[in-house]
Structures are given as C-alpha cells and as structure tokens.
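Now for the letters of each chain:
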Amino acid sequence: MKENFLYQKLQERSAVHALRTLRLGGEYVDYYSNDYLGIVKHKLLEELLRGSQLAHGSTGSRLLAGNYKMIEETEEEIALFHDAPAALIFNSGYDANFGLLACIGQRGDLILYDKLSHASIRDGIRQSFADSFSFAHNDLRELEKKLQNRSATKERNCFVVTESVFSMDGDMAPLAEIAGLCERYDADLIVDEAHATGVIGKNGEGAVQLLGLQHRCFARMHTFGKALGCHGAVILGSQILRDFLINFCRPFIYSTAISPSSVAAIRAAYKIFPAKHTDRAILKRLISLFDQKGFKKSATPIQCFILPGNENVKKAAAQLLENNLDARPILYPTVPLGEERLRIALHSFNTEEETRLLIDLLLLTVDG
Ligand SMILES: Cc1ncc(COP(=O)(O)O)c(C=O)c1O
C-alpha cells in the first residue's frame, strides 16, 4: 500500500530529527521572515493600495486570457529601474529560476552552478537537456578550471549560475570576478538576486547594479516575496531572452498569470523600497553586531550560527523561543550534514537590545 511507503519515509525523517512540520508565526520577535525592510509588518502596501478595486484573478495564462496592460507596464517600469532591456514577471522566484534553467540550455550546452545554489536553480538544471556541473561555493579557481575544460570539449553555449546573496549563508558571490571569468571563457552569467533585492545597493537595486555589472549579465532574477513584501518574481535580460521565455519557458506558459491585485502590490513596492534608506542603515548597524566568533561572516541581513546536529539546532531554537525570540533551525537535508544552523534574518524593525540578547543566548549555547 502506498500509504505505508509514505509513512515509512516520514519515519525515516523523524528518526534523524528532520521531520518538517508547519508552524504558525507571529507570536514572537521575528528573526525568521524575509520582510527585511518591514514592508509587511508595517502594512505599507495596504496604505498605497487602499480602495483599489483590482481583480484577484487573471483568468488564464499570459498567452491566453491572462495578459493585461498593467502587467506589461509594470514590467517596463521594473526593467527601467534595474537598467535592463526587458523584464518578464513570473508567479514566484521558484518558477522563474526553475523555468529559466530548464529551458535555456540545449543538448550539448553546459551549465556551471555554485554548489550552494537554491533548490529552484538545481531543480531547473535537473530538467535541462544541457550538461551540468557544480563548482565549490564561491570558488573562482574551480569555476575557472571547469570553464577551461569546457573550452577543450567545445560545448556550444555555457551558462554560469550563482546567487548574489546566498539564502542559507548570507554571504555574497564574488560577482565581478565571476563576470570576468565568464567574459574570458565566453560564458553567460545568470544571477539570482532574491535576497539582495531591496537590501543591497543605494536604492536596493541589488548587487549586480551596485557593482555596475548589469550589462555583463545574461539574465538576472529578482523576487518580490522577500524584502518587497509581495510575491512573484521577474527575469531581466534582453528582449530576445524575454521572447524566448514566452515561447519555451513552461512555468510561464502553462500557468495562470499573476493577478492584477498582486501586480498592483508589486508596483507599489517598487515605489516604497528604493526610498528605504534609513531601514537599510539600521540593517547595516544590526549586521555589524554579528561580526564576531561563532557566526559565519556575512554582510547581509542573513546571519547564521552553525550548530552541528538537527537535535542541537532545534534545542537552541527552542531556547530562543523561551526568550521570545524566533529564529528558525535549518536542518539536514536542507543543508549538508554537520552544517545544521540557526538562520537569523534581520529586519529594520528588530531592536539592538533584542538582537544583542539573541547573540548572547546563542553564544551561551556553545559555552554551556
Ligand atoms: C535564493 C533564492 N532563490 C529563489 C527563491 C524562490 O523565490 P520565491 O520564494 O519567490 O519562490 C528563494 C526563496 O526561498 C531563494 O532563497
């Protein structure tokens, strides 16, 4: 019986303390959500959208009934903001990464991706007909070696994929160096800016624009579900890339388009987050508190405290909860064995006092 098989798989997870369950949030101080700038907490979108009578359904795929003027206008505005020739909106960052990577590489092409890339990138690559290899996290030497091997085998196109801010570690990719390697070895760079959007760059444009690399990227992906407080995502690139995705990207083609009410929220978020300079400055100050032993080096609102063993991380998270602080344990198999961690997401609404308490409690876990 299939149910027995499912039960057995769940038991296996349970035995290694890795069973995932759903929990309601909101009771404790938030060190887990991606609402880095407090756009959701402070209901900023609601203010801008008050009285809007926009439809909650789009009634079809973009290729059928689901295309409308506001979604195209919003794409044009977003492309302008991010200094890109064109933009295409997706229902989620997962869909955007998965869809792009599943369709972009053809048989004989090569995709090289950072080993710590998000599941949506890896899942898309798995669907692709292209060959693929990972390179060690942020390891330029290994990436270069793999690019050299590719030159020797004369594969057709080569794509290099990385995240600007890594979702589980909070560290950043050496994007300028990677862009240099891509140019040297004639590869196309794809950057996932999910956790950089709204947070990195003078106006929250992301790391690519901060470094002036926008014209050296083949594609960029920005999500709306994190600092922007909405949901959905966008792929930025050339007009030809946009046309290609409209024709070949299955999550774009075979799914109901995002609704006008959601697009209005995204448009409103793009009016809010660029001006959130004070919030970005507060984040910087909170981030600096973590520059000490025990925490992984990270200059972004994602901080982590490695505590090997699922049980140990769960225990540390429970101790924080007793002190009204909620940071979520990230367990194996989401991260490699031995790298289980507490992932601490910082927000501009977190106070310095609470944050210092959280740090002290975590350091005590190790000492005690
Ligand atoms: C690096 C990265 N890329 C993509 C995604 C997927 O984005 P979304 O939540 O919009 O599906 C996430 C979300 O966890 C992420 O962390």
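Before going into details, it helps to say that this report is about the structure given with it. Everything quoted here is computed from the prediction, not taken from an experiment. (Residues numbered from 1 in each chain as written. Predicted model: local features only at pLDDT ≥ 70, side-chain atom pairs only at ≥ 80, totals over all residues. Heavy atoms only, no water.)

A short note on the environment of Thr21
At step 1: Here Thr21 lies in the loop between α1 (2-15) and β1 (29-30).
At step 2: Each C-alpha atom, one on Thr21 and one on Ile282, is 33 Å from the other, the two residues being 261 residues apart in sequence. (Helix = DSSP H or I, 4+ residues; strand = E, 2+ residues; numbered from the N terminus.)

Things to note about the packing of helix α4 (residues 93-104) against helix α5 (residues 119-127)
For any two helices packed against each other, the geometry comes down to the angle between their axes and how far apart the axes lie.
At step 1: In the contact formed by α4 and α5, the axes pass within 7 Å of each other and the chain directions differ by 30°. Taken as axis vectors, α4 and α5 run roughly parallel relative to one another. Of the two elements, α4 crosses α5, and the hand of that crossing is right-handed. Here α4 contributes Gly93, Tyr94, Asn97, Phe98, Leu101 and Ala102 to the contact with α5, which in turn contributes Ala119, Ser120, Ile121, Asp123, Gly124, Ile125 and Gln127. (Axes fitted to C-alpha atoms, helices over the stretch in contact; angles between N-to-C directions. Parallel < 35°, antiparallel > 145°, perpendicular 65-115°, else oblique. Left-handed = near helix turned anticlockwise from the far one by under 90°. Contact = heavy atoms within 4.5 Å.)

What to know about the nonpolar core
At step 1: Leu147, Val160, Phe224, Leu342, Ile344 and Leu358 are the most contacted members of the largest nonpolar core, which totals 80 residues.
At step 2: The dominant element in this core, judged by the number of residues it contributes, is helix α11 (residues 260-272), at eight residues.
At step 3: Excluding residues that lie within four positions of it along the chain, Leu342 makes contacts with Gln303, Cys304, Phe305, Val313, Ala316, Ala317, Leu320, Ala327, Arg328, Pro329 and Leu362. (Core = buried A, V, L, I, M, F, W, Y, C linked by side-chain atoms within 4.5 Å. Buried < 20%, exposed > 50% of the residue type's maximum accessible area, 1.4 Å probe, protein only.)

Examining the pattern of salt bridges
At step 1: As enumerated under the stated definition, the model contains 20 salt bridges in all.
At step 2: Asp326 serves as the salt-bridge partner of Arg23, at 2.7 Å between the closest nitrogen and oxygen. Of this pair, Arg23 sits in the loop between α1 and β1 while Asp326 sits in strand β10 (residues 325-326), and the two are 303 residues apart along the sequence.
At step 3: Among the salt bridges present, the one from Arg267 reaches Glu73, with a minimum N-O distance of 3.1 Å. Of the two residues, Arg267 sits in helix α11 while Glu73 sits in helix α3 (residues 69-81), which places them 194 residues apart along the sequence.
At step 4: Given the relative accessible area of 28%, Glu73 is considered partly exposed.
At step 5: Beyond isolated ion pairs, a larger network of salt bridges with shared partners links Lys69, Glu73, Glu77 and Arg267. (Salt bridge = Lys/Arg side-chain N within 4 Å of Asp/Glu carboxyl O.)

A look at the site of the ligand
At step 1: Neighbouring residues of the ligand: 14 residues in total, closest Gly93, Tyr94, Asp192, His195 and Lys226.
At step 2: One of the side-chain nitrogen or oxygen atoms of His195 is found 2.7 Å away from an oxygen atom of the ligand.
At step 3: A distance of 3.1 Å is found between an oxygen atom of the ligand and a side-chain nitrogen or oxygen belonging to Lys226.
At step 4: Computed on the free molecule, the ligand has an accessible area of 390 Å², of which 81% lies beneath the protein chains in the complex.
At step 5: For the ligand, the cavity whose grid points lie within 2 Å of the majority of its atoms is the second largest pocket.
At step 6: Of all the elements in the fold, those that place two or more residues in the shell around the ligand are α4 and β7 (219-223).
At step 7: Among the elements that line the shell around the ligand, the one with the most residues is α4, at three residues. (Near = heavy atom within 4 Å. Polar contact = N/O pair within 3.5 Å; in protein donor to acceptor, adjacent residues only side chain to side chain. Areas by Shrake-Rupley, 256 points an atom, 1.4 Å probe, with all protein chains shown as cover. 1 Å grid on protein atoms, 1.4 Å probe; cavity = no way out; pocket = protein on both sides within 12 Å on 5 of 7 lines; lining within 4 Å. Sits in = over half its atoms within 2 Å of the grid points.)

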